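# Coordinates in review
Listed below, chain by chain, are the residues.
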Amino acid sequence: MLQQTRVETVIPYWHRFLASYPTVESLARADLDDVYVLWTGLGYYSRARNLKYAAETVVANHQGRLPDSAEKLRELKGIGRYTAGAIASIAFGLEEPLVDGNVIRVFARVLGIRTDTTSKDVISRLWDIAGLLVRGTRPGDLNQALMELGAILCSPRKPDCGACPIQKHCDAYVQGDAESLPIKKRKPKPKPMRAVAAWIERDGKILVVRRPEKGLMAGLWEFPGGEIGLKEEGKDRCAEILQEVVGLGVRDPISAGHIEHIFTHRRLDLEVFRCRARPAQRVARSGYTDHRWIAPNTFLELAHAGSTRKAMRLLGLTDEISARNAKRKMP
DNA sequence: CAATCGTGGGT
DNA sequence: TACCCAAGATT
């Protein structure tokens, strides 16, 4: 959960997750759909699938106990170099290093690294240095201290150098350029993208579809729809797309408005329509892995992404149901 | 190696 | 507003 996600964001999800799946065995036995529900709103949903798959592997191949070496941990789905180092050092007390965004920033400043820190060369060197530092009796504490230093004092903007315990050892502090480090390649802007989605009602129920297990919002439920050209008319394309993806003919799509949603690499403009399916038709899916006709309010109980949540709100679905069941109001 | 994969907070 | 960033991993 912590991969690319702030601790404060993770905490309520972590409590709910552990309440549902307190053991590796319980997660291994779980229904993947239920795991996705607990991940709703957290993002990077492949982590949920990988975590469940890893739990199954641990039960099947490791007697239900996590392997106690960084090398073996890395063989599990979703566990890369950082996570293996974190588990090995913090949970097992092994002298294994870790390098995350915080550590990169701390090292770049302390050591005065003024070249691109995203290069393979520099990253490799940082891992070597972390490996030298972690030797000792409390490797987990050393690793967490490095990350905490980066998160609390040695922050990306306005680092609190005055309170830093290693100020006098810091090259960037001496040079006075801490705020401009580390140097990174700038990331491309999110590309504009348009899509339509439809509330299709029949006999008081609406049609929802499940996305494939790979790609954007993998495995999540959404309103049926699809991508359209940047200059196309949403209303015209809506009926055509529904015919393509669910095999339903609809009449008179009426726009309920647009929502905007920013992903890391996409800027989505989603136009949402209400329409009715012509009677006596069967759903014929294309691209989706499942579909259901559900009572509208129960959509909130299925795993879904933030963009779908916005569409729901636009269509008048409130989050009263999930708010009742959750300690914290879902985003 | 570059692209992909979410979302929320901060400046 | 626009951009950066977060206890990264996978393809």
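Our next topic: the layout of surface pockets. Of the voids in this model, the second largest pocket is the one considered here, and its volume is about 780 Å³. Forming the boundary of the second largest pocket are 28 residues, of which Gly-43, Tyr-44, Ile-262, Phe-263 and Thr-264 lie nearest the centre. Residue assignment for the lining of the second largest pocket shows that the elements contributing at least two residues are α4 (46–61), β5 (250–262) and α12 (306–314). The element contributing the most residues to the lining of the second largest pocket is α4, with three residues. Per-class residue counts for the lining of the second largest pocket are 11 nonpolar, 12 polar and five charged.

A separate point is the protein's contact with DNA strand C. Taken together, the neighbourhood of DNA strand C is formed by 22 residues, with Leu-2, Gly-78, Tyr-82, Thr-83 and Arg-105 sitting nearest. Considering DNA strand C, the proportion of its atoms within 4 Å of the protein that are sugar or phosphate atoms stands at 70%. In this structure, Asp-100 approaches DNA strand C through a side-chain N or O atom, which is 2.9 Å from a sugar or linking oxygen. Between a phosphate oxygen of DNA strand C and a side-chain N or O atom of Asn-102, the distance comes to 2.9 Å. For the surface near DNA strand C, the elements supplying multiple residues, two or more each, are α6 (81–91), α7 (101–110) and α9 (139–153). Classifying every residue of the surface near DNA strand C by side-chain character gives five nonpolar, seven polar and 10 charged.

The next point concerns the environment of Val-250. Tracing the backbone through its elements, the reader meets Val-250 in strand β5. By relative accessible area, Val-250 is classed as buried at 7%. Val-250 sits 21 residues away from Glu-271 along the chain, and the two C-alpha atoms are 16 Å apart. In this view, Val-250 contacts Ile-200, Ala-239, Leu-242, Cys-275, Arg-276, Ala-277 and Arg-278; residues no more than four positions away in its chain are not counted.

Here we take up the confidence of the model for chain A. If pLDDT is low for a region, its predicted coordinates should not be looked at in detail. Residues with a pLDDT of 70 or more make up 96% of chain A, whose mean pLDDT is 94. Note on residues 324–331: pLDDT is under 50 here. Beyond four places in sequence and across chains, it has 14 contacts.

This part takes up the environment of Ser-155. Looking at the element boundaries, Ser-155 is found in the loop between α9 and α10 (171–175). Separated by 60 residues in the primary sequence, Ser-155 and Glu-95 have C-alpha atoms spaced 26 Å apart. What Ser-155 contacts, discounting residues up to four positions off in sequence, is Arg-105, Arg-109 and Gly-150. Of the polar contacts made by the side chain of Ser-155, one reaches the backbone oxygen of Arg-157; its length is 3.0 Å. A polar side-chain atom of Ser-155 sits 3.5 Å from the main-chain carbonyl oxygen of Lys-158.

Conventions and cut-offs
- Residues numbered from 1 in each chain as written.
- Chains lettered and ligands numbered in written order.
- Predicted model: local features only at pLDDT ≥ 70, side-chain atom pairs only at ≥ 80, totals over all residues.
- Heavy atoms only, no water.
- 1 Å grid on protein atoms, 1.4 Å probe; cavity = no way out; pocket = protein on both sides within 12 Å on 5 of 7 lines; lining within 4 Å.
- Points joined across faces, edges and corners; volume = space filled by probe spheres on them.
- Helix = DSSP H or I, 4+ residues; strand = E, 2+ residues; numbered from the N terminus.
- Nonpolar A, V, L, I, M, F, W, Y, C, P; charged D, E, K, R; others polar.
- Near = heavy atom within 4 Å.
- Polar contact = N/O pair within 3.5 Å; in protein donor to acceptor, adjacent residues only side chain to side chain.
- Buried < 20%, exposed > 50% of the residue type's maximum accessible area, 1.4 Å probe, protein only.
- Contact = heavy atoms within 4.5 Å.
- pLDDT = per-residue confidence, 0-100.

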